[in-house]
Amino acid sequence: MSTHPSEKLIQNYLRGQLPADERDQFEKQLKTDPALAEEVAQQLAELAAAEQLIASETRAWMQEWQKPAQPVFRVNRFGWLAAIAAGALLLIAAIYLFRQSEAVPQEQADQTTPAVEKPIVNEVPPVPAVEPKPQPAPAEKPVATTPKPATPNYLAEARQYFQEPVLSDIRRTGTDNNVSLIRQAQAAYAATDYQRTLDLLAQTDSLRQQSATFLEAHAMFHLNRFAAAETSFEKLVVQNSRQFRYPAEWGLLICRLANFPNRQQAFQQQFEALLNNPQHPYFEQAKNLENALKK
Amino acid sequence: MQRPSLTPGEIIDALTGQDASRRKTALQSLFENQALRKKAIAHVRRYGGNHQDGEDVFQEAIIVFDRKLRFGAWQADGSLEAYFMGIVRWHWYNTQQRNARMPVSLHQAPPEPPPGGNPELEYLLAERREQLDTLLDQLANKCRNLLKMYALDYSMDEIARQMGFANDKVAKKEAYLCRKRFRVILKKHPELWQDFIIIRKQP
């Protein structure tokens with residue numbers, strides 16, 4: 001970064017805040033000073049990147065506000081009675097469900113809590129994220145099908161096949177405060193507050209920690225930042241993470257699908273490789289996805 | 001603007017000021033302004049869009065409006081609401097043209113672009129969004145937050161408070177290091193910014 005004394009001047013120029021005469025003079029200087037021109041172009045790119053971050057934050061806030069911002073229901077005098085009746089029914093249902101849950105044996109409840117240190121790939125077997133669809137007659141060799149342009153909604157398919165992380169499965173690193181933050185981020189993620197998830201992960205300053213990167217990638221996917229999510233998943237694949245490698249590979253594939261047609265080629269290559277590897281833990285899921293895309 | 005708690009002046013102050021929570025409140029006030037939302041949606045529906053298109057345009061208009069205000073584009077002699085609707089009209093017109101959903105020229109005269117701002121910046125944000133994302137992703141989350149707050153022109157005290165740094169000096173140093181780090185990344189990707197040098201060099 002330059003510590004050029006006129007940095008503020010450049011910023012004001014880029015923000016359109018220079019008076020006309022100063023702007024003209026500055027532009028004249030730009031035409032004769034290549035180093036300054038390069039500096040201005042780089043500051044422009046930096047400003048664009050920062051504005052992109054600001055816009056993403058605002059979009060995430062608006063997503064948060066969306067629910068309370070919905071129009072208030074207008075209820076007529078009979079509507080109040082209906083509302084009271086609905087409330088009573090909900091209360092009865094809640095009591096019923098509460099009693100049912102009390103009847104669940106303790107050991108069954110224990111089984112639902114995964115071991116902390118166990119690799120995620122072992123905990124989450126390559127079971128499809130959705131109910132398996134009927135399979136066609138098996139071909140001699142799995143062949144990847146390139147989704148045709150007429151196939152309606154890749155994003156919807158990507159969302160359907162996106163696999164949520166096992167949130168309790170975070171490695172402990174002694175008494176590291178980061179773990180606490182990551183756990184808070186997990187809670188935010190579980191509450192579908194994805195921007196807060198990212199904010200909390202930001203405080204950990206632990207991008208190198210694979211758990212944080214893994215969770216970050218998922219949150220970004222939900223915020224429709226597919227390119228960023230793809231990069232995060234890719235990092236874990238490149239690092240050959242013992243714990244997250246395979247889920248990250250699947251996440252990477254799904255991000256590329258969500259980002260169709262921009263990432264079509266990358267998707268196609270990865271998808272073909274996966275379908276040609278029956279030993280891959282996500283092979284069955286890939287087959288299901290292939291069938292869905294064929295439809 | 002409709003929300004009684006914030007006047008147009010307060011919205012401008014909050015969006016151009018250095019207080020993160022006031023800024024958020026101002027944006028929420030805009031977002032919850034039902035009269036403005038209805039106007040935006042009505043405009044979009046009148047010119048070939050549906051309700052969801054209208055909602056999308058309304059939300060994007062808030063982002064552009066915020067940016068333009070921070071860049072000092074709005075002059076105090078006009079109506080803030082009229083300025084906002086100018087952004088809505090311009091944004092919807094461009095969306096239609098980009099998507100080629102309808103022959104817009106037959107239905108709608110091209111609106112005036114909202115004054116102010118930086119067209120090169122808008123171009124980068126519209127056309128090179130993914131490239132920017134890829135570059136940003138090479139930064140740690142902490143650095144991304146610092147870059148954002150620096151661009152929002154927050155004071156170093158505010159940045160220190162938001163990021164949990166010990167004081168403003170630490171905030172300043174961290175912000176400097178993050179910007180420097182991002183410059184290193186930018187230099188490796190001249191394809192993102194180099195053509196803007198060429199444009200400027202032309203007489």
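Notes on the structure in this doc start here. These numbers were taken from a predicted model, which means no experiment stands behind them. The residue numbers shown here count from 1 along each chain, following its written sequence. In the order they appear in the text, chains get letters beginning with A and ligands get numbers beginning with 1. Selection of residues for local features in this predicted model requires a pLDDT of at least 70, selection of side-chain atom pairs for listing and counting requires 80 or more, and totals for whole chains, interfaces and linings are taken over all residues. Only hydrogens and water are set aside; all other atoms, that is, all heavy atoms of the structure, feed into the side-chain values.

Details of the overall build of chain B
Then step 1. Within chain B, the secondary structure is distributed over 12 helices and 0 strands.
Then step 2. A run of H or I in DSSP counts as a helix once it spans at least four residues, and a run of E counts as a strand once it spans at least two, with each numbered from the N terminus. When the helices and strands of chain B are read in sequence order from the N terminus, they spell out α-α-α-α-α-α-α-α-α-α-α-α.
Then step 3. Of all 203 residues assigned to chain B, the portion counted as buried reaches 49%.
Then step 4. Of the contacts made within chain B by residues no fewer than 6 positions apart, 58% connect residues no fewer than 24 positions apart. Think of it in three bands: with a 1.4 Å probe and only protein chains considered, a residue is buried below 20% of the maximum accessible area for its type, exposed above 50%, and partly exposed in between. By definition, residues are in contact when any of their heavy atoms lie within 4.5 Å.

Some remarks on the packing of helix α1 (residues 8–16) of chain B against helix α2 (residues 20–31) of chain B
Residue and element names in this part refer to chain B.
Then step 1. A fitted line through C-alpha atoms represents every axis, and for helices the fit uses only the stretch in contact; the resulting angles, taken between N-to-C directions, go from 0 to 180 degrees. At a minimum axis separation of 8 Å, α1 and α2 run at an interaxial angle of 135°. Between α1 and α2, the interaxial angle falls into the category oblique. Two packed elements cross with a definite hand, and for α1 against α2 that hand is left-handed. Contacts between α1 and α2 involve Glu10, Ile11, Asp13, Ala14 and Leu15 from the first element and Arg22, Arg23, Ala26, Leu27, Ser29 and Leu30 from the second.
Then step 2. The nonpolar class holds Ala, Val, Leu, Ile, Met, Phe, Trp, Tyr, Cys and Pro. Asp, Glu, Lys and Arg form the charged class, and all remaining residues, Gly among them, are polar. Class assignment of the residues belonging to the contact of α1 with α2 gives a composition of 6 nonpolar, 1 polar and 4 charged. Comment on the angle field: the value is read as roughly parallel under 35 degrees, roughly antiparallel over 145, roughly perpendicular from 65 to 115, and oblique elsewhere. With the far helix as reference, a near helix turned anticlockwise by less than a right angle produces a left-handed crossing, and one turned clockwise produces a right-handed crossing.

Quick word on the environment of Leu14(A)
Then step 1. Among the secondary structure elements, Leu14(A) is positioned in helix α1 (residues 7–14).
Then step 2. Considering only alpha carbons, one finds Leu14(A) and Ala41(A), 27 residues apart in sequence, at a separation of 9.4 Å.

Some points on helix α9 (residues 194–204) of chain A
Then step 1. Within α9(A), 8 of the 11 residues are buried, which leaves it mostly tucked inside the rest of the structure.
Then step 2. Buried residues of α9(A): Tyr194(A), Gln195(A), Thr197(A), Leu198(A), Leu200(A), Leu201(A), Ala202(A) and Thr204(A), and no others.

With respect to the interface of chain B and chain A
Then step 1. Between chain B and chain A, the residue contacts involve 53 residues of the former and 55 residues of the latter.
Then step 2. One salt bridge in this structure joins Arg183(B) and Glu46(A), with 3.2 Å as the shortest N-O distance.
Then step 3. Polar contacts, as counted here, are pairs of nitrogen or oxygen atoms within 3.5 Å of one another; within protein the pair requires one atom able to donate a hydrogen and one able to accept it, and residues that are adjacent in sequence qualify only if both atoms are side-chain atoms. At the boundary of chain B and chain A, one finds 20 residue pairs in polar contact (both at pLDDT 80 or more).
Then step 4. Those elements giving two or more residues to the side of chain B that touches chain A turn out to be α2, α4 (51–70), α7 (119–127), α8 (129–136), α9 (141–151), α11 (168–187) and α12 (194–201) of chain B.
Then step 5. Across the side of chain B that touches chain A, the residue classes break down as 23 nonpolar, 8 polar and 22 charged. Each reported salt bridge corresponds to a side-chain nitrogen of Lys or Arg within 4 Å of a carboxyl oxygen of Asp or Glu.

Any link to function would need more than the numbers given here.
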